[in-house]
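Structural description and commentary
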Amino acid sequence: EKEMERELKETEAQISAQERARAQTETLKMVFVTYIRVLKNSPHARIVPAVLDGLSVFAHLIDISFYGDLMALLENIMTDAGQTPLVLLQCLKTVARILSGYGAALSIDPKVFQSRLYALLPRMPSQGPEEWRVCIDGLLAMLLQRREVSFERVGAYVKRLCGLALAVPAPAAAALLVIVRSLFLKHPKLSQMTGSEVIAAGVYRPEVDQPELANAFSSVLWELGLLSYHPHPTVRQYALHILMGAPSTGAGSLPMTQARVEAVEMYAKTSEEGTGTPASVGKALKYASKTTGSVPVPPTELRGIHALLCTTPEVSALFFANLEFAMEAATVAAAGAFGLTGRLESDIALLAKLKSAQSTAPRPKKARKGRN
C-alpha cells in the first residue's frame, strides 16, 4: 500500500513537471510572438526599446526557426533613418546576443553590425545615461564576447573609443577605458599603438565609418596621453595603466578590486562619484613622471576628432575643457612624461584656433514661442 502511494506521488510529480514545462513554453512563445508583432507593425512605438531589451535578455531561449524573420525585422529597423540612437543601440545589442548563442550557426556576417556600431559611436557624446548603458553592453557583446573580430577592426575600435573618451563625461570615459583595457588584455599586440612610432603606412582617417578602412595602425594612441591628465582620477589611472601596457603587477598595475570592475559597473560607480576636480591632478603627475617616452599629439587628428565628435556646443565645451586641463597639467609634468611635451606651443595655438572657430560659428536660432 505504501509502495503504491509512493508510485502515485511520483507519477503526479512527473505530470506536474511536464505541465509546468509545457505552460512555460507556451508563455514564452506568446511573448516572442508579441515582441515580433510590435517590431513588425509598430517600429516607432514608445515600447520598442523595452521590446528589444526583452529580446536581448531572452535571446538564448528563442527557437532557432524564428531567427531568420527576427534578424530581417532588426535589419529593417536599423536602416530606418527616423529611429533614435537608443533603438539602434538596442537593436545592435540584441543582434550581438543572438549571434553569440545558437545564432552563431546562421550564415550572418557579424561585420555588418560591428560596422554599424562603429558608425554610431560619434553620436554618443550628446546621449544620456540610458543610451550609454546600452552602448556599453553592445560594445562588450560585439567585441569581447565573440572570437572572430579581426585585429584591424579591434584596432579601429580602440582608436575611436580613446578619441571618444576625450569628448564625453567622466563616467562614460572611465567605462570606455575599461573596455579598451579588456581589449588590450585580449589582444596583447595592441600595445604597439602606445609607442611613439606608427606600425603601418598611410594616414589614419577618423571620419571613415568602416573600421577596416580607417587605417588605425598608422597612428598612435596619443589620446591616452591626454587622458592621463584628465580631471577625474579614475580616468587618469586607467589611461596611464593602458599606456604602460596594462601590467598585472608592479608599477602601473591596478589594485585588485579595480582590475575586476566591469565596464557597466564602472559607469554606475563613477556616476556616483562625480566629475573630479583639478586639485586631484597630483597623483597623475606622480605616475606620469615615472614613465618614459612621449606621445605627441598630431594637429590634423585632433582637428578631425573635434569635427567628428563635437557636434553640439555642450560637447565642444567639454572637449575643450579636457584639453585645456591636460595641457596645463602637461606643462607641470616632468620631462619625458606622456602627454604633450615637446609640442605644447603648437598645440595650444591649435586649440585657440579651434575654440575661436567654435565660438564664431553660427548657431541655430531657437523658435519663438507664440503668445497666447
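Residues numbered from 1 in each chain as written. Predicted model: local features only at pLDDT ≥ 70, side-chain atom pairs only at ≥ 80, totals over all residues. Heavy atoms only, no water.

Description of the overall build of the protein chain
For the protein chain, the count of helices and strands is 16 helices and zero strands. Scored against the burial criterion, the 372 residues of the protein chain give a buried share of 46%. Of the contacts made within the protein chain by residues no fewer than 6 positions apart, 73% connect residues no fewer than 24 positions apart. Carbon and sulfur atoms form 55% of the exposed surface of the protein chain, whose accessible area is close to 19,100 Å². (Helix = DSSP H or I, 4+ residues; strand = E, 2+ residues; numbered from the N terminus. Buried < 20%, exposed > 50% of the residue type's maximum accessible area, 1.4 Å probe, protein only. Contact = heavy atoms within 4.5 Å. Areas by Shrake-Rupley, 256 points an atom, 1.4 Å probe, with all protein chains shown as cover.)

Some points on the environment of Pro-171
Relative to the elements of secondary structure, Pro-171 occurs in helix H8 (residues 170-186). Note on Pro-171: relative accessible area 12%, which makes it buried. Linking Pro-171 and Glu-272, residues 101 residues apart in sequence, is a C-alpha distance of 8.7 Å.

Examining the confidence of the model for the protein chain
Note: predicted coordinates in regions of low pLDDT should not be interpreted at a detailed level. Mean pLDDT over the protein chain: 78, with 75% of residues reaching 70 or higher. The lowest-confidence element of the protein chain is helix H13 (residues 282-288), averaging 43 in pLDDT; the highest-confidence one is H8, averaging 95. Counted against residues more than four places away or in other chains, residues 366-372, with its pLDDT under 50, gives zero contacts. (pLDDT = per-residue confidence, 0-100.)

With respect to empty space enclosed by the protein
On inspection of all chains with the given rule, the structure shows two cavities of 30 Å³ or more. Its volume calculated, the largest cavity comes out at about 60 Å³. In terms of lining residues, the largest cavity is bounded by Lys-159, Arg-160, Gly-163, Leu-164, Tyr-204, Pro-206, Ile-305, Leu-308 and Leu-309. Mapped by element, the contributors of at least two residues to the lining of the largest cavity are helix H7 (151-165) and helix H14 (299-309). Here the lining of the largest cavity takes four residues from H7, the largest share from any one element. Of the residues belonging to the lining of the largest cavity, the class tally is six nonpolar, one polar and two charged. (1 Å grid on protein atoms, 1.4 Å probe; cavity = no way out; pocket = protein on both sides within 12 Å on 5 of 7 lines; lining within 4 Å. Points joined across faces, edges and corners; volume = space filled by probe spheres on them. Nonpolar A, V, L, I, M, F, W, Y, C, P; charged D, E, K, R; others polar.)

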